[in-house]
Amino acid sequence: MIPREILDKIDENRTRYVEELLGFLRIPSISTYSHHAADVRRAADWVLHHLKRIGFQAKICRTERHPVVLAHSLVHPDAPTLLIYGHYDVQPPEPLEEWISPPFSPSIRDGCVYARGASDDKGQLFTYLKAMEAVLAVAGNLPINVKLLVEGEEEIGSPSLGRFLVEHRDELQCDAIAISDSSQFGQGIPAITYALRGLCYLQVDLQGPRFDLHSGSFGGLVANPVQVLAEILAGLKTLDGRVAIPGFYDDVVDLDQQEREMMDALKLDEDALKEYLGVDELTGEPGYSPFERKTARPTLDVNGIWGGFSGEGAKTIIPARAGAKVSMRLVPNQKPEKINRLFSDFVHSMTPRGIKLEITELHGATPVLIQRDHAVMKAASRAIEIGFGRTPVHVREGISIPVVNLFEELLEPESILMLGWGSPDDGTHSPNERFHLDDFHRGIRAVAALLYEMKGA
Ligand code: BES
Ligand code: MN
Ligand code: MN
């Protein structure tokens, strides 16, 4: 159990922690813009110096693009080791005119700090630093071994991380990993995420005649690629919303009864969701609730489609080409390689003679499902209760976080904790991103408590 003095220390220093966070938020560490590379580097240095100041051994590791900050504070070889992951890079802030206060001039209003990166992920990451600062200041040592990996390429898809983990595998050995980059279920309703969906993203290109043809001179002679594409896409799903690719659902692990009850109890506000989305109906696979459908069921979506003439007026042609981008979100135990193959076989079977088909795989991620009753999860639950005054709910997330796959494969930890103190309406990636200062404070308390709860776990 965490000593009372540490929680008191955190409470006493609340204002200072916020002031320090503002300094971090002022750095425009936008990883996708090459003209901000020096700022990204400055943010890495900021994290490095901060870690050194609170008592960590820390270093900067170069990658092909943006650096990784590695740090550790080790107490004893027999103590459990927690690896903490976060990112110091941020998304671009545009459109700038929609920000009430400028994205890199943090401003405090209605109990929140507004800035790009406030919630995703600088504010959340900083809770770990401040929690460990408080523990080190009061106790002199952390109760467990802690390693930190803070990257600067998350928002561009972590292109260097795979290689980095292979090269630093031994250095990063750990028992559990805490990913500080997800969110609460609702503001003030903390959550532990125990599952993520996987992803298959493909491009379909169809080629008919060599060039666009006069539809009067040649209509009736050749297959029309736009028509064929429409038929293929329509064939991918049944009218009632199931994916029609043969074998698609074969490996899906269905929700167990306890999970369904847990999700029902969470009471997703469907009316609020409809209003937010601007739709008068939520639709999808029959037999599952909207909450189940958006987190625990696999989906298929057409992301975009092109082909033929769509300019002003009319142009009488048979188009030469058509194409579409299609993504599928996968759930445990679907395998991206197998789903890619089933998709490709099915689309080939629907493509008539006279049309050339090309399928390109663009993105992939394996679904993640983490054991909910692992001792480390229970420790996290107790810690969050200390920090937030209520036990967290356990949720599946519909999104994919590819770094979690990398961690599972390369580091093989006993458990992965996906914890987040942000709220779903923090506006991450949007104008006026914010982070509730209460959540910032409660997050710091929860992290400090986690280190103690993990000691015996
Ligand atoms: N922190 C988010 C991921 C996230 C969002 C977790 C919502 C939990 C709830 C992360 O920074 C992110 O934005 N990831 C990107 C990755 C992409 C840029 C490769 C994403 O999900 O779009
Ligand atoms: Mn993030
Ligand atoms: Mn993000």
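Residues numbered from 1 in each chain as written. Chains lettered and ligands numbered in written order. Predicted model: local features only at pLDDT ≥ 70, side-chain atom pairs only at ≥ 80, totals over all residues. Heavy atoms only, no water.

S.K.: How should I be thinking about the coordination of the manganese ion (ligand 2) in this particular structure?
M.R.: Each donor-metal-donor angle would ideally measure 109.5 degrees in four-coordinate tetrahedral geometry, or 90 or 180 degrees in six-coordinate octahedral geometry. In the first shell of the manganese ion (ligand 2), the protein supplies His87 (NE2), Asp120 (OD), Asp181 (OD) and Asp181 (OD), at 2.0 to 2.4 Å from the metal. For the manganese ion (ligand 2), the donor residues sit on a single chain with the sequence spacing H-x32-D-x60-D. In this structure the manganese ion (ligand 3) is found 3.6 Å away from the manganese ion (ligand 2), and Asp120 serves as a bridging donor for the pair. Of the two residues, His87 sits in strand β3 (residues 81–87) while Asp181 sits in the loop between β7 (176–179) and β8 (191–196), which places them 94 residues apart along the sequence. The pair His87 / Asp181 is uniform in exposure class, with both members buried. (Donors = N, O, S within 2.8 Å, 3.2 Å for Na, K, Ca; no water. Helix = DSSP H or I, 4+ residues; strand = E, 2+ residues; numbered from the N terminus. Buried < 20%, exposed > 50% of the residue type's maximum accessible area, 1.4 Å probe, protein only.)

S.K.: Explain the site of ligand 1 here, please?
M.R.: Around ligand 1 sit His87, Asp120, Glu154, Glu155, Gly157, Asp181, Ser182, Glu397, Ile399 and His429, and that is every residue in its neighbourhood. A distance of 2.7 Å separates a nitrogen atom of ligand 1 from a polar side-chain atom of Asp181. Considered on its own, ligand 1 offers 520 Å² of accessible surface; in the complex 70% of this is hidden by protein. Residue composition of the shell around ligand 1, grouped by class: 1 nonpolar, 4 polar and 5 charged. (Near = heavy atom within 4 Å. Polar contact = N/O pair within 3.5 Å; in protein donor to acceptor, adjacent residues only side chain to side chain. Areas by Shrake-Rupley, 256 points an atom, 1.4 Å probe, with all protein chains shown as cover. Nonpolar A, V, L, I, M, F, W, Y, C, P; charged D, E, K, R; others polar.)

S.K.: Mind showing me how you'd approach the sheet that holds strand β13 (residues 321–330) here?
M.R.: Within a sheet, adjacent strands bond to each other through the backbone by hydrogen bonds, running parallel or antiparallel. Read from one edge of the open sheet, 4 strands run β11-β13-β9-β14, paired in antiparallel fashion. Each edge of the open sheet carries a strand with a single partner, namely β11 (299–307) and β14 (356–365). On average, each strand axis in the sheet is tilted by 15° relative to the strand beside it, whichever way the strands run. Pairing of strand β9 (residues 198–207) with β13 involves 10 bridges; the strand directions are antiparallel. Within the sheet, the bridge partner assigned to Gln203 lies in β13 and is Lys325. Sheet contacts for helix α7 (residues 225–235): β9, β11 and β13; angle to β13, the most-contacted strand, approximately 15°. (Pairing = 2+ DSSP bridges. Axes fitted to C-alpha atoms, helices over the stretch in contact; angles between N-to-C directions. Contact = heavy atoms within 4.5 Å.)

S.K.: Help me out: how do you make sense of the coordination of the manganese ion (ligand 3) in this one?
M.R.: The coordination sphere of the manganese ion (ligand 3), as far as protein atoms go, consists of Asp120 (OD), Glu155 (OE), Glu155 (OE) and His429 (NE2), spread over 2.1 to 2.6 Å. Geometry at the manganese ion (ligand 3) is irregular, judged from the 6 donor atoms that bind it and their angles of 55 to 155° at the metal. Between consecutive donors of the manganese ion (ligand 3), the numbers of intervening residues give the motif D-x34-E-x273-H. Residue classification places Asp120 among the buried positions, given a relative accessible area of 10%. (Tetrahedral: all angles 85-135°; square planar, octahedral: opposite > 155°, others 65-115°.)

S.K.: Which parts of the structure should I look at to understand the domain arrangement of the chain?
M.R.: When the parts of a complex come together, some accessible area is lost, and that lost area is often taken as the interface size. Domain boundaries assigned for the chain yield domain 1 (4–196 + 367–455) and domain 2 (199–252 + 298–365). A separation of 40 Å is found between the C-alpha centroids of domain 1 and domain 2. The partner domain 2 presents 7 residues to the 8 residues of domain 1 that form the contact. Overall, the association of domain 1 and domain 2 removes approximately 570 Å² of surface from exposure, summing both partners, and the carbon and sulfur fraction of that is 63%. Together, Pro367, Ser400 and Asn405 form the three largest contributors to the area buried by domain 1 at its contact with domain 2, with a combined 66%. Between the two partners, domain 1 and domain 2, sit 0 salt bridges. Counting across the domain 1 and domain 2 interface gives 1 residue pair in polar contact (both at pLDDT 80 or more). Per-class residue counts for the side of domain 1 that touches domain 2 are 4 nonpolar, 3 polar and 1 charged. (Domains from an automatic or database assignment. Buried area = accessible area lost by both parts, 1.4 Å probe. Salt bridge = Lys/Arg side-chain N within 4 Å of Asp/Glu carboxyl O.)

S.K.: When you look at the sheet that holds strand β4 (residues 107–109) in this model, what are you seeing that I'm missing?
M.R.: Strand order in this open sheet of 3 strands is β4-β5-β18, and the pairing throughout is antiparallel. Strands at the two margins of the open sheet, each flanked by one partner only, are β4 and β18 (434–436). Strand-to-strand, the axes of this sheet are offset by a mean angle of 25°, without reference to chain direction. The sheet contact formed by β4 and strand β5 (residues 112–114) spans 3 bridges and is antiparallel.

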